[in-house]
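Letter by letter, the chains look like this.
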Amino acid sequence: MSDSILLSVADGLAHLTLNRPASLNAFDADLAHAWRDATAEAVGRDDVRAVVLDAAGRAFCAGGDVLAMATGLGGGADITALAHVINEGIVSLTTSAIPVVVAAHGTTAGGGLGIMMCGDYTVVGAGSKIGSLYANIGLTPDLSVTAQLARAIGERRALQLVLQDRLLSADEAVEWGLVAEAVGGADAEAEADAVRERAQEIARFWLSGAAGAYGQAKRLIRSQPSRTYAEQLAEEARSIGEAFETPEARARVAGFAAASRKSAH
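Description of the structure in this document. In this text, all values refer to a predicted model and were calculated from it rather than measured experimentally.

1. Digging into the layout of surface pockets
When its volume is computed, the largest pocket comes out at roughly 700 Å³. In terms of lining residues, the largest pocket is bounded by 28 residues, among which M117, G119, D120, Q148 and R222 are the most central. Only helix 3 (76-95), strand 6 (121-125), helix 5 (145-153) and helix 9 (211-223) provide two or more residues apiece to the lining of the largest pocket. Broken down by element, the residue count for the lining of the largest pocket peaks at seven residues, all from helix 9. Split by residue class, the lining of the largest pocket holds 15 nonpolar, eight polar and five charged. Roughly 590 Å³ of volume is contained in the second largest pocket. Forming the walls of the second largest pocket are 31 residues, and the residues nearest its centre are G64, M69, Y134, L139 and D142. When residues in the lining of the second largest pocket are grouped by element, the largest group, seven residues, is from helix 3.

In structure tokens form, the structure reads like this:
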């Protein structure tokens with residue numbers, strides 16, 4: 001696997017790190033293909049029950065590598081082809097039944113916004129900035145930004161963000177519901193470390209509990225737009241019945257029942 005993305009797996013946790021810090025983890029062709037392969041491997045492994053996605057350096061992701069676009073690609077068809085490759089990785093994460101926490105310190109912009117929204121729970125730094133900024137270079141949103149942003153924060157706020165030269169502060173991103181929480185640090189490096197550590201805490205919380213149930217809950221919510229209301233209710237009913245048959249649920253239900261009987265006496 002390319003060094004532009006790092007993947008490690010231990011104790012049920014897959015750890016993905018965007019690793020082009022000198023380019024603010026912007027996507028070039030190498031990272032695009034490495035991202036597709038690493039995300040597919042992470043969610044395809046039987047021993048992975050949670051995923052942490054973070055980034056090296058001083059920013060999470062600046063989107064597409066504009067310099068590479070200007071000098072190393074033949075034209076719009078090449079841009080479209082690379083977007084399709086990156087989209088495969090986005091689909092791998094968002095459609096999996098594995099919960100994903102994103103640690104997005106520093107700045108997240110452009111396509112990086114779509115990468116950040118691959119997370120089911122996102123932690124940023126208190127000094128983080130998040131925005132679209134595509135129109136600043138005459139381009140339109142990609143990498144799931146228009147597919148996910150309005151669902152996350154509502155259509156009117158999504159339009160405000162993509163139609164302005166605007167970067168949200170961490171507090172605004174939390175208020176809008178774009179990210180879950182913001183954590184601080186004494187300086188930028190300490191803040192980045194705190195963001196990563198908080199993301200690890202969240203992943204460990206999932207792993208210490210009913211990780212399979214968390215993953216299925218994520219899948220139900222993420223996949224809901226593809227179903228009618230009645231179909232979604234049917235899928236919920238099917239899923240809870242299937243979950244009840246798992247050893248994990250059997251043990252937890254039995255434990256809950258035993259505790260309830262004990263407290264009643």
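What follows picks up the thread again.
2. Things to note about the environment of I137
Structurally, I137 can be placed in the loop between strand 7 (129-131) and helix 5. The class of I137 is partly exposed, set by a relative accessible area of 47%. For I137 and L67, which are 70 residues apart along the polypeptide, the C-alpha to C-alpha distance reads 12 Å.

3. Side note on the nonpolar core
If you look at the biggest cluster of nonpolar residues, it comprises 47 residues, and the most contacted ones within it are L18, W35, F60, M116 and L178. Apart from residues no more than four positions distant in its own chain, W35 is found in contact with I5, L18, F27, L53, I86, G89, I90, L93, I115 and C118. Counting 13 residues, the second largest nonpolar core, distinct from the first, contains L13, A103, I202 and A203.

4. Thoughts on helix 9
In this model helix 9 runs 18 Å from its N-terminal to its C-terminal C-alpha over 13 residues, within 8% of the 18 Å that 1.5 Å per residue would give. Where helix 9 is buried, its residues meet helix 3, strand 4 (100-104), helix 8 (188-208), helix 10 (229-244) and helix 11 (247-264).

Calculation notes
Residues numbered from 1 in each chain as written. Predicted model: local features only at pLDDT ≥ 70, side-chain atom pairs only at ≥ 80, totals over all residues. Heavy atoms only, no water. 1 Å grid on protein atoms, 1.4 Å probe; cavity = no way out; pocket = protein on both sides within 12 Å on 5 of 7 lines; lining within 4 Å. Points joined across faces, edges and corners; volume = space filled by probe spheres on them. Helix = DSSP H or I, 4+ residues; strand = E, 2+ residues; numbered from the N terminus. Nonpolar A, V, L, I, M, F, W, Y, C, P; charged D, E, K, R; others polar. Buried < 20%, exposed > 50% of the residue type's maximum accessible area, 1.4 Å probe, protein only. Core = buried A, V, L, I, M, F, W, Y, C linked by side-chain atoms within 4.5 Å. Contact = heavy atoms within 4.5 Å. Expected span 1.5 Å × (residues − 1).

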